[in-house]
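# Working through the structure, step by step
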Amino acid sequence: MNTGVLVAIVGPSGVGKDTLIGHAKAQLAEEDGFVFVRRLVTRGENAFEDHDTLDEAAFTEGVASGRFPVSWRAHGLGYALPAATVEAIAAGAVVICNFSRGALVAARERFPAVRVVAISAPDAILAARLIARGRETEAGVAARLAREAICAREIDPDLTIVNDRPIEQSGGELVAFLRSLRG
């Protein structure tokens, strides 16, 4: 079987990455060859982010022992892909994960095929979503948006989705792209 591909879904907090991934997962549930990986994060569970939780000690040990195929730090938290990611890609699957732009180089070094889907949204929509989370002040949100404008220019995505339309449209773009990778 052919080697699979890692599809890194990237974009700023609040842009709707998990919503789009959830839509694609539901649409592709009956189709073989798609694996949706839940990343590991050193943050407790919450309503805004789909992930599995691990504590700081487990993250540090996993990085030191090489248990995670890719790991990174962002916003004071540790993030990692579970070891099963390697097996799924080796089996030829299209493996989809909420990912960090800052870890793309490490992913490309680790996996033979990586595709990047960048999710964006107009600043007003993104600001409203971030404020609704209640983690940042309005000034913090404004600073984040300014940083995001710079970061968005640093990646070369295979697909960009502007997530300001109904999920059937923006999510449909993601599903069509993922299906195209199965050939």
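None of these values were measured; they are calculated from a predicted model.

This paragraph deals with the sheet that holds strand β8 (residues 114-120). Strand order in the open sheet made by the five strands is β2-β7-β1-β8-β9, with parallel pairing throughout. At either margin of the open sheet sits one strand with a lone partner, and together these are β2 (34-36) and β9 (159-162). Neighbour to neighbour, the strand axes of the sheet diverge by 20° on average, direction disregarded. Note: strand β1 (residues 5-10) against β8, five bridges, orientation parallel. Following the sheet pairing, Ala 8 is matched in β8 by Val 116. Docked against the sheet, helix α1 (residues 17-27) engages β1, β2, β7 (94-98), β8 and β9, running at close to 150° with respect to β7. In this fold helix α7 (residues 167-181) packs onto β1, β2, β7, β8 and β9, with an angle of close to 165° to the strand it touches most, β9.

The next thing to look at is the side chain of Asn 98. The residue Asn 98 is located in strand β7 in this model. According to the relative accessible area criterion, Asn 98 is buried, its value standing at 5%. One polar contact links Asn 98 to Asp 18, side chain to side chain, over a distance of 3.1 Å. Here the side chain of Asn 98 touches Arg 39 through a polar contact of 3.4 Å, side chain to side chain. In contact with Asn 98, other than residues within four places in its own chain, are Ile 9, Lys 17, Asp 18, Ile 21 and Arg 39.

Summarising the element assignment, Gly 62 is placed in helix α2 (residues 56-65). Classification of Gly 62 as buried rests on a relative accessible area of 0%. Not counting the four nearest positions on each side in its chain, Gly 62 is found in contact with Arg 67 and Phe 68.

The terminal C-alpha atoms of α7 lie 21 Å apart, and with 15 residues this matches the ideal 21 Å at 1.5 Å per residue to within 8%. For α7, the elements touching its buried residues are β1, α1, β2, β7, β8 and β9.

A sheet is described by the order of its strands in space; here four strands give the open sequence β4-β3-β6-β5, paired in mixed fashion. Looking along the sheet, the strands with just one partner apiece sit at the ends: β4 (52-53) and β5 (71-74). Judged from the four bridges that link them, β5 and strand β6 (residues 77-80) form a sheet pairing that is antiparallel. Within β6, the position partnered with Trp 72 by the bridge is Tyr 79. Together, β5 and β6 form the strand contacts of α2, whose direction differs from that of β5 by roughly 135°.

Another point: the pattern of salt bridges. Across all of its chains, the model carries five salt bridges by this definition. Among the ionic pairs, Glu 61 bridges to Arg 67, the shortest N-O distance being 2.5 Å. By relative accessible area, which is 41% here, Glu 61 ends up partly exposed. For Arg 67, a relative accessible area of 38% corresponds to the partly exposed category. Within the structure, one salt-bridge network assembled from shared partners comprises Asp 164, Arg 165 and Glu 173.

Analysis parameters
Residues numbered from 1 in each chain as written. Predicted model: local features only at pLDDT ≥ 70, side-chain atom pairs only at ≥ 80, totals over all residues. Heavy atoms only, no water. Pairing = 2+ DSSP bridges. Helix = DSSP H or I, 4+ residues; strand = E, 2+ residues; numbered from the N terminus. Axes fitted to C-alpha atoms, helices over the stretch in contact; angles between N-to-C directions. Contact = heavy atoms within 4.5 Å. Buried < 20%, exposed > 50% of the residue type's maximum accessible area, 1.4 Å probe, protein only. Polar contact = N/O pair within 3.5 Å; in protein donor to acceptor, adjacent residues only side chain to side chain. Expected span 1.5 Å × (residues − 1). Salt bridge = Lys/Arg side-chain N within 4 Å of Asp/Glu carboxyl O.

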